[in-house]
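# Observations on the three-dimensional arrangement
What follows is the residue order along each chain.
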There are 2 protein chains.
Amino acid sequence: MPTPQLAVIGGGQLARMMQQSAIGLGIDIRLLAEGPDVSAAQVVPDHLVGDYTDLDTLRAVVADAPVVTFDHEHVPPEHLRALQAEGHACRPGPDALLFAQDKGAMRSRLGELGAPCPRNAIITSPADLESFGLPAVVKTTRGGYDGKGVWVVRTDADADEAFASGRVLLAEELVDFRRELSALVARSPSGEIRSYPVVESRQADGVCAEVVAPAPDLDPALAAEARELAERIAAELDVTGILAVELFETTDGRLLVNELAMRPHNTGHWSIDGAVTSQFENHLRAVLDLPLGGTEARQPWTVMVNILGGTVSDLVAQRAVVLAAEPDVAVHLYGKSVKAGRKVGHVTAYGDDLDEVLARARRAGGLFTDGTPS
Amino acid sequence: MPTPQLAVIGGGQLARMMQQSAIGLGIDIRLLAEGPDVSAAQVVPDHLVGDYTDLDTLRAVVADAPVVTFDHEHVPPEHLRALQAEGHACRPGPDALLFAQDKGAMRSRLGELGAPCPRNAIITSPADLESFGLPAVVKTTRGGYDGKGVWVVRTDADADEAFASGRVLLAEELVDFRRELSALVARSPSGEIRSYPVVESRQADGVCAEVVAPAPDLDPALAAEARELAERIAAELDVTGILAVELFETTDGRLLVNELAMRPHNTGHWSIDGAVTSQFENHLRAVLDLPLGGTEARQPWTVMVNILGGTVSDLVAQRAVVLAAEPDVAVHLYGKSVKAGRKVGHVTAYGDDLDEVLARARRAGGLFTDGTPS
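The residue count restarts for each chain, going from 1 along the sequence in the order it is written. As a convention, the first chain written is A and the first ligand written is 1, with the rest following in written order. Per-residue local features of the predicted model are confined to residues with pLDDT of at least 70, and side-chain atom pairs are confined, for both listing and counting, to 80 or more; whole-chain, interface and lining totals are unaffected and use all residues.

### Details of the overall build of chain A
Filter applied, for reference: Helix and strand assignments come from DSSP, with helices taken as H or I runs of at least 4 residues and strands as E runs of at least 2, each series counted from the N terminus. Each radius of gyration reported is based on C-alpha atoms, and the globular scaling rule is 2.2 Å times the count of residues to the power 0.38. Residue burial here comes from a neighbour count, namely the number of other C-beta atoms, placed from the backbone, that lie within 10 Å of the residue's own C-beta, with 20 or more meaning buried, 12 or fewer meaning exposed, and in between meaning partly exposed. Residue pairs qualify as contacts under a 7 Å threshold applied to their C-beta atoms, which are placed from the backbone.
Secondary structure assignment for chain A yields 12 helices and 18 strands. On C-alpha atoms alone, chain A measures out to a radius of gyration of 20 Å, which is about the 21 Å that the 2.2 N^0.38 rule sets for 374 residues. C-alpha extents for chain A along the principal axes are approximately 60 × 55 × 40 Å. When the 374 residues of chain A are sorted by exposure, 54% land in the buried category. Considering only contacts in chain A between residues 6 or more positions apart, those separated by 24 or more positions represent 62%.

### Some remarks on the interface of chain B and chain A
The criterion, for reference: Asp, Glu, Lys and Arg are counted as charged, while Ala, Val, Leu, Ile, Met, Phe, Trp, Tyr, Cys and Pro are counted as nonpolar; the rest, among them Gly, fall into the polar class.
With 35 residues of chain B at the interface, the matching set in chain A holds 35 residues. Breaking the side of chain B that touches chain A down by element, the ones donating at least two residues are α1 (13-25), α11 (315-325) and β17 (330-333) of chain B. Classifying every residue of the side of chain B that touches chain A gives 19 nonpolar, 10 polar and 6 charged.

### A closer look at the relation of the copies chain B and chain A
This is how it is decided: Residues reaching a pLDDT of at least 70 in both copies supply the C-alpha atoms on which the copies are superposed by least squares.
Between the two copies, chain B and chain A, the superposition gives an RMSD of 0.0 Å; the rotation angle is 180 degrees and the shift along the axis is 0.0 Å. Such a combination of rotation and displacement between the chain copies is what one expects of a two-fold axis. Proximity to the rotation axis, assessed at the C-alpha, singles out proline 45 of chain B in chain B; its C-alpha lies 2.0 Å from the axis. When the interface residues of chain B are mapped onto chain A, 100% of them are again interface residues, pointing to one common binding face.

### Overview of the domain arrangement of chain A
Note on interface size: it is often stated as the accessible area lost on association of the parts. Put simply, the rule reads: What fixes the domain bounds is an automatic or database domain assignment.
What the domain assignment lists for chain A is domain 1 (6-90), domain 2 (119-173) and domain 3 (177-369). Using only C-alpha atoms to locate each centre, domain 2 of chain A and domain 3 of chain A end up separated by 28 Å.

### With respect to helix α11 (residues 315-325) of chain A
To keep things clear, this is the line we draw: The directions considered for the arc run from the helix axis to the C-beta atoms.
If you check which residues of α11 of chain A are buried, you get Leu315, Arg319, Val322 and Leu323 of chain A. The arc enclosing the buried residues of α11 of chain A, seen along the axis, measures out at 95 degrees, which places them on a common side. Exposed residues on α11 of chain A whose side chains face more than 90 degrees from its buried face are Ala317 and Ala324 of chain A. Looking at the buried positions of α11 of chain A, the neighbouring elements they touch are β17 (330-333), β18 (343-351) and α12 (354-369) of chain A together with α1 and α10 (279-287) of chain B.

### What to know about the nonpolar core
Within soluble globular proteins, side chains that are nonpolar tend to cluster in buried spots. What counts, and what does not: A set of buried Ala, Val, Leu, Ile, Met, Phe, Trp, Tyr and Cys residues, joined through C-beta atoms within 7 Å, is what we mean by a nonpolar core.
With 214 residues, the main nonpolar core has Leu243 of chain A together with Leu243 of chain B as its most contacted residues. Setting aside residues up to four positions removed in sequence, leucine 243 of chain B forms contacts with Val185, Arg187, Ala230, Ile233, Ala234, Leu260 and Met262 of chain B.

### Brief notes about the sheet that holds strand β5 (residues 89-90) of chain B
Residues and elements named next belong to chain B. Condition: Whether two strands pair comes down to DSSP finding at least two bridges between them.
Spatial ordering of the open sheet is given by β3-β2-β1-β4-β5, a layout of 5 strands whose pairing is parallel. The open sheet has two free edges, formed respectively by β3 (47-49) and β5, since each of these has just one partner strand. Pairing geometry for strand β4 (residues 67-70) and β5, over 2 bridges, is parallel. From the neighbouring strand, valine 68 faces β5, where its bridge partner is cysteine 90.

### Concerning the sheet that holds strand β9 (residues 169-173) of chain B
Residues and elements named next belong to chain B. Just so we agree on the cut-off: Under this scheme, a helix contributes an axis fitted over its contacting stretch, all axes are lines through C-alpha atoms, and angles between N-to-C directions fall in the 0 to 180 degree range.
On the basis of which strands lie adjacent, the open sheet formed by 4 strands has the order β6-β9-β7-β8 and antiparallel pairing. The sheet terminates laterally at β6 (120-123) and β8 (150-153), the two strands that pair on one side only. Here the strands of the sheet are splayed against their neighbours by 25 degrees on average, with no regard to which way each runs. Bridging between strand β7 (residues 136-140) and β8 involves 4 bridges; their strand directions are antiparallel. Pairing of lysine 139 across the sheet is with valine 150, part of β8. Sheet contacts for helix α5 (residues 103-113): β6, β7 and β9; angle to β9, the most-contacted strand, approximately 50 degrees.

### A word on helix α10 (residues 279-287) of chain A
All names here are of chain A. The buried fraction of α10 is high, at 9 of 9 residues. Those residues of α10 that sit buried are Gln279, Phe280, Glu281, Asn282, His283, Leu284, Arg285, Ala286 and Val287. Looking one or two places after α10, you find aspartate 289, whose phi comes out positive at around 55 degrees.

### Points about the packing of α11 of chain A against α12 of chain A
Residue and element names in this part refer to chain A. Note the threshold: Each angle is binned into one of four classes, with values under 35 degrees roughly parallel, values over 145 roughly antiparallel, values of 65 to 115 roughly perpendicular, and all other values oblique. Here is the rule for handedness: rotate from the far helix to the near one, and if that takes an anticlockwise turn smaller than a right angle the crossing is left-handed, while a clockwise turn gives right-handed.
Contact geometry of α11 with α12 gives a least axis separation of 9 Å together with a crossing angle of 155 degrees. Comparing their axes, α12 and α11 come out roughly antiparallel. Crossing angle aside, the handedness with which α11 passes α12 is right-handed. Taken together, the residues of α12 that come into contact with α11 (itself represented by Leu315, Gln318, Val321, Val322 and Ala325) are Arg363, Ala364, Leu367 and Phe368. Taken together, the residues of the contact of α11 with α12 break down into 7 nonpolar, 1 polar and 1 charged.

### Some points on the pairing of strand β15 (residues 255-261) of chain A
Residue and element names in this part refer to chain A. Of the pairings in the sheet, the one linking strand β14 (residues 241-250) to β15 comprises 6 bridges and is antiparallel in character. Looking at β15, one finds that alanine 244 is bridged to alanine 261. The antiparallel pairing of β14 with β15 creates a hairpin that spans 4 residues between the two strands, and glycine 253 there sits at a positive phi of about 80 degrees.

### Points about the packing of helix α2 (residues 55-62) of chain B against helix α3 (residues 77-85) of chain B
Residues and elements named next belong to chain B. It is at 10 Å that the axes of α2 and α3 come closest, and there the two elements cross at 40 degrees. The pairing of α2 with α3 is recorded here as oblique in orientation. Seen from above, α2 lies across α3 with right-handed handedness. Across from Leu55, Leu58 and Val62 in α2, the residues of α3 making contact are His79, Ala82 and Leu83. When its residues are assigned to classes, the contact of α2 with α3 shows 5 nonpolar, 1 polar and no charged.

### Focus: the environment of serine 165 of chain B
With respect to the helices, strands and loops of the structure, serine 165 of chain B is situated in the loop between α7 (160-164) and β9. Spatially, the C-alpha atom of serine 165 of chain B lies 8.5 Å from that of threonine 140 of chain B, the residues being 25 residues apart in sequence.

### With respect to the environment of glutamine 203 of chain B
Residues and elements named next belong to chain B. In this structure, glutamine 203 sits in strand β12 (residues 199-204). According to the C-beta neighbour criterion, glutamine 203 is partly exposed, with 13 such atoms within 10 Å. Sequence spacing of glutamine 203 and cysteine 117 is 86 residues, and the spatial spacing of their C-alpha atoms is 20 Å.

### With respect to the environment of arginine 202 of chain A
Residue and element names in this part refer to chain A. Among the structural elements, arginine 202 can be located in strand β12 (residues 199-204). C-alpha of arginine 202 to C-alpha of glutamate 180: the two residues are 22 residues apart in sequence and 6.7 Å apart in space. The residues contacting arginine 202, other than those within four sequence positions of it, are Ala209 and Glu210.

### Looking at the pairing of β17 of chain A
Residue and element names in this part refer to chain A. Of the two faces of β17, the one holding Ala330 and His332 and the one holding Val331 and Leu333 are both buried throughout. For β17 and β18, the ladder comprises 4 bridges, and the chain directions are antiparallel. Bridge pairing links leucine 333 to glycine 345 in β18.

### Details of unusual backbone geometry
Residue and element names in this part refer to chain A. Here alanine 213 and proline 214 are connected by a cis peptide whose omega angle stands at -10 degrees. Of note, proline 214 is situated in the loop between β13 (207-213) and α8 (220-236). Even without a glycine there, the phi angle at aspartate 217 is positive, about 55 degrees. Relative to the elements of secondary structure, aspartate 217 occurs in the loop between β13 and α8. Look at aspartate 217 and you get exposed, because 6 C-beta atoms sit within 10 Å.

Printed below as a string of structure tokens:
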């Protein structure tokens, strides 16, 4: 096995898709996988199976790798500091990752930067929430994702589960928004930054269902503002690799930051087939401090539709049905078993006519989900 | 390890690039590699190391894989017949592969089909060659590639090495050609065929140096003739997977078949970044009898330049130099050590202006080869 150029912690689909780009760039990855059969372990020969919360396991994985990056944001920061002290470059580093791990820290820091955010406050009691005012969105500051750990609170009782969780809670104003946008940037340790076209992210039940690149009918001034905001956050927080800034476009035409992610992001999957350089390749180039590639779209419209586990249980068998119906849609399966609502793959279509592109992507996605075009 | 859907025999760069497409399609590959560190073994976890001329080794690799395909054309046909008899689908099969393995059989069969070929004859003695007439090209019928096993014979003495080889020899007329073209098709067992735009292949010392897609200034009638010819050969020879038909465009404007290859081919590497569906993805889709994807170019011009081993010995270190000079060129490294003239990677550029695209691709290729733009 060649000496790894990069250690990747976490064996989900993000690491799996990193490997596709790593193969082309000649990057030998060593992976820490949660289990022997997880998504990325299926495609990265040099992998260990172990627990990313265990420092000695992390040490074994990164042993002779000069740089470490991540499939997720859950590695304990103190372990990353230990790895840094032992000479490994963690990208992104623990000081940046904090703002993706802790929504309270994120809101506080973004506030200092003057980045537009929903009104927010840490709350520790129903009295705090009452003084914050209802309706509100209440979130655990740590560990939430895809709608988990998030409660829309219109009456006091709606917050019972949140307070019962025993977690630190953040209250945010319930934003009256037109749609959700996402601004992705890649940033390297030497400070090079490239931002992708701003996309529209459409959710179903708190989970990203489809992404349209670029966001249709977005005011060019607002698009530029979103890109500049994301670039500024990446620089101020010293992010290395991909930063995704999820945004609300409010009904009165403003941008508000919703969430940050410091890794390739679901709202950037369109770039694999739709951009000059995919977010996965630019993540790898960024964390290895290689010059970044072009982030422009290759055609007027690209649509990505997630395959969320539905009634189709055998995606491999269904592949033939999907490709027969939509031979030019790009299929990305994650090697995961199907569970209700689980992200098990995505499909991407592109072209000149948005309606046609959207129809093709939805048709393929629907056939993979419940066997009928959605 | 999941049960493999496909066994791939041979661990070179073609299998390596198949794996990039296999990851997206959710195809679990089992690989037979020539050594533990060969190009594809670095990126396919489920691999065995062994000798593809040994039937028991082949049996072990294909054990629970319903379909078998190839990185090269050198597996003994009798072994493939044995695997077929044991229930494995070999794609392409031994009856088709013969015409890629044996140039004498290829010429004879193409002659029967009325496919245009250089005048040719099997020769067994200098007297045979004399009666064939000089100048001529003399080739071993088996085992030659990249200019090896090929002699341009202008005087009797030029053929000494060929006759001394003890191999079966084929004499062909020395074709007066304007350039070399290549017509690639994908064909599935159920008979679906898709052909790629005809490309121009430019050689240096008998090795493909660069490919321009589509072939510039090619008469549309000749392009159509080349595609139809390749489709007809694929169907008549019952090829499954990719067939590459290398062609001469003669100075008097005719097409003549030069060589056949039954696997993804160097003249199709442009399709990874330049076509709707890459040759690697369509090869996989074809051999698994999945519907084929679009073969159209995504932009007016795509240029692929091979990285042939030169004075740059550390491609990984040189990557930063190349990407700084040409950030939008797609880099494909094969994980091979550099030896003089060895194919160790390729680069691809695309765009609207051929001169500009060619300049970018050559610059990146030159920087990877001898550290200076070529």
